Amino acid sequence: MKRVKYLSKLKSKDIAGKTFFVRIDLNVDAASPADMFRLDAIIPTFKLLLRSGARIVTASHRGRPETYSTAESLAVFAPLISKRVGADVDFISAYRIGAAVKAIRASDASIILMENMRFFRGETENDPSFARALASCADMYVNDAFPVSHRKAASVSAITKFLPSYAGLRVESELCHLDAAMKRVKHPFTLVIGGAKTSDKIGVIDYFKNKADAILLGGGPANTFFAAKGVSVGSSLYDEGAVKIAKKNLLLGSLYLPSDTITSSGKILDVGLKTSNEYRKIILASNSVVWNGPLGLFQKERFARGTLAMWRAVMELAKRKPDALIVIGGGETVASMALLKTRRKLPENIFISTGGGAMLEYLSGKKLPGISALQNAK
Ligand code: 3PG
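What you are looking at is a predicted structure, and each value in this text was computed from that prediction instead of being measured.

### Remarks on the environment of T307
1) Next: Looking at the secondary structure, you find T307 in helix α11 (residues 305-320).
2) Next: Through-space distance from the C-alpha of T307 to that of R38 is 20 Å; in sequence the pair is 269 residues apart.
3) Next: Those residues within four positions of T307 in sequence are excluded, and the remaining contacts are D270, W291, P294, L295, G296, F298, S336 and L339.
4) Next: From its side chain, T307 meets the backbone nitrogen of L295 in a polar contact 3.0 Å long.
5) Next: Within polar-contact distance, the side chain of T307 engages the backbone nitrogen of G296 at 3.4 Å.

### Brief notes about empty space enclosed by the protein
1) Next: Per the counting criterion, the structure on display carries 2 cavities of 30 Å³ or more.
2) Next: Reported here for the largest cavity is a volume of approximately 50 Å³.
3) Next: Those elements that place two or more of their residues in the lining of the largest cavity are α2 (37-51) and α12 (331-335).
4) Next: For the lining of the largest cavity, the leading source of residues is α12, giving 3 residues.
5) Next: Considered class by class, the residues forming the lining of the largest cavity number 5 nonpolar, 3 polar and 2 charged.
6) Next: One number sums up the size of the second largest cavity: a volume of about 40 Å³.
7) Next: Along the walls of the second largest cavity sit D25, R38, I42, D144, A145, P147, R170 and T354, which together make up its complete lining.

### Observations concerning the packing of helix α10 (residues 273-284) against α11
1) Next: At a minimum axis distance of 9 Å, the contact between α10 and α11 shows a crossing angle of 20 degrees. It follows from the interaxial angle that α10 and α11 lie roughly parallel. In this structure, α10 meets α11 at a crossing whose hand is right-handed. Side by side, α10 and α11 meet where S276, Y279, R280, I283 and L284 of the first sit next to R305, G306, A309, M310, A313, V314, E316, L317 and R320 of the second.

### Notes on the packing of aromatic side chains
The way to describe two aromatic rings as a pair is by their centre distance and the angle between their planes.
1) Next: Across all of its chains, the model carries 9 aromatic pairs by this definition.
2) Next: Taken together, a centroid distance of 6.1 Å and an interplanar angle of 25 degrees make the contact between F21 and Y141 stacked. On the criterion of sequence distance, the pair formed by F21 in strand β1 (residues 19-23) and Y141 in strand β5 (residues 140-143) is long-range, its members being 120 residues apart.
3) Next: We classify F21 as buried; its relative accessible area is 0%.
4) Next: Here Y95 and F119 contribute two aromatic rings whose centre-to-centre distance is 5.9 Å and whose plane-to-plane angle is 70 degrees, an arrangement assigned as edge-to-face.

### Details of unusual backbone geometry
1) Next: Cis geometry is adopted by the peptide bond preceding P188, which originates at H187 and carries an omega value of -5 degrees.
2) Next: With respect to the helices and strands, the residue P188 is situated in the loop between α6 (169-184) and β7 (189-193).
3) Next: The phi dihedral of K197 falls on the positive side, at around 45 degrees, and the residue is not glycine.
4) Next: Structurally, K197 can be placed in the loop between β7 and α7 (198-208).
5) Next: By relative accessible area, which is 42% here, K197 ends up partly exposed.
6) Next: Located in the positive-phi region is K341, a residue other than glycine, with phi close to 50 degrees.

### Here's the deal with the layout of surface pockets
1) Next: Estimated volume of the largest pocket: approximately 850 Å³.
2) Next: In terms of lining residues, the largest pocket is bounded by 39 residues, among which N27, K197, G330, G331 and E332 are the most central.
3) Next: Looking at the lining of the largest pocket, the elements that each hand over two or more residues are α7 and α12.
4) Next: Here the element with the most residues in the lining of the largest pocket is α12; it accounts for 4 residues.
5) Next: Looking at side-chain class alone, the lining of the largest pocket contains 11 nonpolar, 14 polar and 14 charged residues.
6) Next: Two domains each provide a minimum of three residues to the lining of the largest pocket, namely domain 1 (7-172 + 368-375) and domain 2 (187-323).

Calculation criteria
- Residues numbered from 1 in each chain as written.
- Predicted model: local features only at pLDDT ≥ 70, side-chain atom pairs only at ≥ 80, totals over all residues.
- Heavy atoms only, no water.
- Helix = DSSP H or I, 4+ residues; strand = E, 2+ residues; numbered from the N terminus.
- Contact = heavy atoms within 4.5 Å.
- Polar contact = N/O pair within 3.5 Å; in protein donor to acceptor, adjacent residues only side chain to side chain.
- 1 Å grid on protein atoms, 1.4 Å probe; cavity = no way out; pocket = protein on both sides within 12 Å on 5 of 7 lines; lining within 4 Å.
- Points joined across faces, edges and corners; volume = space filled by probe spheres on them.
- Nonpolar A, V, L, I, M, F, W, Y, C, P; charged D, E, K, R; others polar.
- Axes fitted to C-alpha atoms, helices over the stretch in contact; angles between N-to-C directions.
- Parallel < 35°, antiparallel > 145°, perpendicular 65-115°, else oblique.
- Left-handed = near helix turned anticlockwise from the far one by under 90°.
- Phe/Tyr/Trp six-rings, centres within 6.5 Å; stacked < 30°, edge-to-face > 60°.
- Buried < 20%, exposed > 50% of the residue type's maximum accessible area, 1.4 Å probe, protein only.
- Domains from an automatic or database assignment.

In structure tokens form, the structure reads like this:
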């Protein structure tokens, strides 16, 4: 297996005058300042390229649309990127590849932002002809989209067959921190899993079941385990398809389900106070914590208590035990950090990953298609 090539190792003279296709991850709520972590995380890559005299064609997915939808357009991000890098961003609204390539070629902007990759036919199928057309707009490829690197998509994977390909500064930092974390895990090791996308997380729970000393559940994964136990979850978020695996793990000694919950209109929307206290104690007794997924619908204040309790617990752990290893990731989890209402820098022993499912899969030792594609690139 070849090694990933890093953009940081390229010399300015090899960057100058070239066009880079930079895959980023803007799968966030553009209206929420708390959600800008993923955007801010890739700005150093943009700045490095511009400083070295490159042009950038950049692209992301957003949501899981089957066709065009205004709500999932990337247009809103053009001014946000422009403000951060201090350069004009030309937004290309076409979402048919032929028209998009034509518009990109006609533009002389130093940054071109394409429309949501998932509006295009071929992206999610990892279609080589779509990837080739994307590649035709650039000289080099950079993956700076760690959060989507567990998906085999054309702009993440197939495109690396057509262009010299590099990991961006953010992906490099993610790999470096997560590799170090995997080597340093100390027991007691606690895994906290909440949020949505249960199907992505259930396999991870299966993987960690003999490795973690405690697996604390909230959100969709907890509801799925409740359903597996035969407890009625009403219209709560849960994953029918994941119930079978959940059933297999029900008797696991390390698994913690909420002992009380907050419900509204037949939906479980947060963990209760008793659960928050139990989970807090377990976290404080840990030497390593990996957390992905809020414990409740934190966007609404009355359902944010469980998630806030987790943030307070990890902050307290970080302070009490400077050697503790704390890795937190996922779009929503990172956005929920705003509940802490602090502008202070996070303690050094907390690493915030831009990835959610990708982070969990990487920590589970799985090969991420986007990273393997960089290793096997042209
Ligand atoms: C994420 O937010 O986890 C990534 O952007 C991947 O999104 P997806 O689960 O819709 O592929």
